[in-house]
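For reference, the chains in residue letters:
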Amino acid sequence: MNEEVEGTLLAFIGMFLYGIEPVVIKANPANPMSFAAFSAIIASFILWPIVFSTSSWKDVKENPQYIPKAVLVGIFGTALAYIAYSYGAQLSTAINASLITRAEVLFSFVLAYILLRERITRKQILWSVLILLGLVLVITQGKPVVPKKGDLLLLLVPLFWQSGHVIAKKLPYNPFLIAAFRNTFGGILLFILALPQGLEFSKFAIAEAIILSMGQVIWYLSIKRINLSKATAIITPAPAVAIGVSLILGEKFTTYHMVGFILITVGTLMVSKIKSELKEST
């Protein structure tokens, strides 16, 4: 199996894994900031033993100069992204938050094109827009989306995520090590910020930690093999997975669901067929 196929399959696994995450977050009764801090810290406790048992720590010994960049992955990808999401969601709506953060694929196109020199094709943009349109139908059920004050903060979330991903893709570290750094330093910062609000531990933080640790490793394995822009497009329908689970459990299935899922399925399958390439040197 070549790297293109491996990376694509890993991205699909990541999509389904991250699709479960909203269910866990919604069930959490604790303070959101405290929940995020405990989740990240516990995820780091899961990852560091794996790092040492697989000798991944030797990557740091061989390339210690990249440690500051690994720390930035945690600051951007975990801490800043969650802070923006937490406060943005409070000033907006759940629908707006779901839709705006899924615009991550558009940020990915810009950053990957400029900073990673990835080739972004018209077909890739077309199919990604189709995926986003399908998500809009599934999430909004045809109802108009009203702009809210928190929407600008929510726009920072995908920007922070993609900034962290761009840094991570360039790191010469094992995915387990990158994920361990991300959760450790992101979790520490979140923990400090959560202290004034009071720490609350929830058992759901353990479930979230498992999703974070597994999901991030799978994600980093994926973007080491294929373009960041392609991997991001594939995981874009993740919220639809959670909605699909709800429908299976008995929620009403509507025409918007049907049309939306068809668009998402077609768009995602077509994006997955696009080969990862870099821009030609000028």
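Residues numbered from 1 in each chain as written. Predicted model: local features only at pLDDT ≥ 70, side-chain atom pairs only at ≥ 80, totals over all residues. Heavy atoms only, no water.

A. Broad picture of the environment of I218. As for its placement among the helices and strands, I218 is situated in helix α10 (residues 204–223). In sequence terms I218 and M15 are 203 residues apart; their C-alpha atoms lie 10.0 Å from each other. Ignoring sequence-local partners within four residues, the contact set of I218 consists of L10, I13, G14 and L17. (Helix = DSSP H or I, 4+ residues; strand = E, 2+ residues; numbered from the N terminus. Contact = heavy atoms within 4.5 Å.)

B. Spatial organisation of helix α12 (residues 238–248). Listing the buried residues of α12 in full gives A238, P239, A240, V241, A242, G244 and L247. Turning to α12, the residues buried within the fold contact α1 (3–27), α7 (122–140), α11 (228–235) and α13 (255–272). Downstream of α12 by one or two residues, G250 has phi in the positive range, about 125°. (Buried < 20%, exposed > 50% of the residue type's maximum accessible area, 1.4 Å probe, protein only.)

C. Fine view of a nonpolar patch on the surface. A contiguous nonpolar surface patch, about 430 Å² in accessible area, is contributed by I46, F201, I206, I210 and M214. Of the residues forming the nonpolar patch, the biggest block, 3 residues, is contributed by α10. Its place among the elements puts I46 in helix α2 (residues 32–53). A residue is classified by how much of its surface remains accessible, and I46, at 32% relative accessible area, is partly exposed. (Patch = residues over 30% accessible without salt bridge, like charges linked within 9 Å, V, L, I, M, F, W, Y side chains within 5 Å. Areas by Shrake-Rupley, 256 points an atom, 1.4 Å probe, with all protein chains shown as cover. Salt bridge = Lys/Arg side-chain N within 4 Å of Asp/Glu carboxyl O.)

D. Focus on unusual backbone geometry. Not every positive phi belongs to a glycine, and S55 is a case in point at roughly 65°. Tracing the backbone shows S55 in the loop between α2 and α3 (58–62). Looking at S55, the relative accessible area reads 32%, which means it is partly exposed. Unlike most non-glycine residues, R117 shows phi in positive territory, near 60°. Mapped onto the elements, R117 comes out in the loop between α6 (104–115) and α7.

E. Summary view of the layout of surface pockets. Of the voids in this model, the largest pocket is the one considered here, and its volume is about 1700 Å³. Taken together, 48 residues form the lining of the largest pocket, with E21, P22, I25, Y85 and S98 sitting closest to its centre. Residue contributions to the lining of the largest pocket peak at 8 residues, all from helix α4 (residues 67–90). Among the residues forming the lining of the largest pocket, the class breakdown is 26 nonpolar, 14 polar and 8 charged. Forming the walls of the second largest pocket are F12, M15, F16, P237, A240, V241, F261, I264, T265, T268 and L269. Per element, the largest residue contribution to the lining of the second largest pocket is 5 residues, and it comes from α13. Counted by class, the lining of the second largest pocket contains 9 nonpolar, 2 polar and no charged residues. (1 Å grid on protein atoms, 1.4 Å probe; cavity = no way out; pocket = protein on both sides within 12 Å on 5 of 7 lines; lining within 4 Å. Points joined across faces, edges and corners; volume = space filled by probe spheres on them. Nonpolar A, V, L, I, M, F, W, Y, C, P; charged D, E, K, R; others polar.)

F. A look at the packing of helix α9 (residues 175–194) against α10. Viewed as axis vectors pointing N to C, α9 and α10 meet at an angle of 130°, and their least axial separation amounts to 8 Å. It follows that α9 is oblique to α10 by the angle criterion. Crossing angle aside, the handedness with which α9 passes α10 is right-handed. Along the contact surface, α9 presents P175, F176, I178, A179, R182 and N183, while α10 presents L212, Q216, V217, Y220 and L221. (Axes fitted to C-alpha atoms, helices over the stretch in contact; angles between N-to-C directions. Parallel < 35°, antiparallel > 145°, perpendicular 65-115°, else oblique. Left-handed = near helix turned anticlockwise from the far one by under 90°.)

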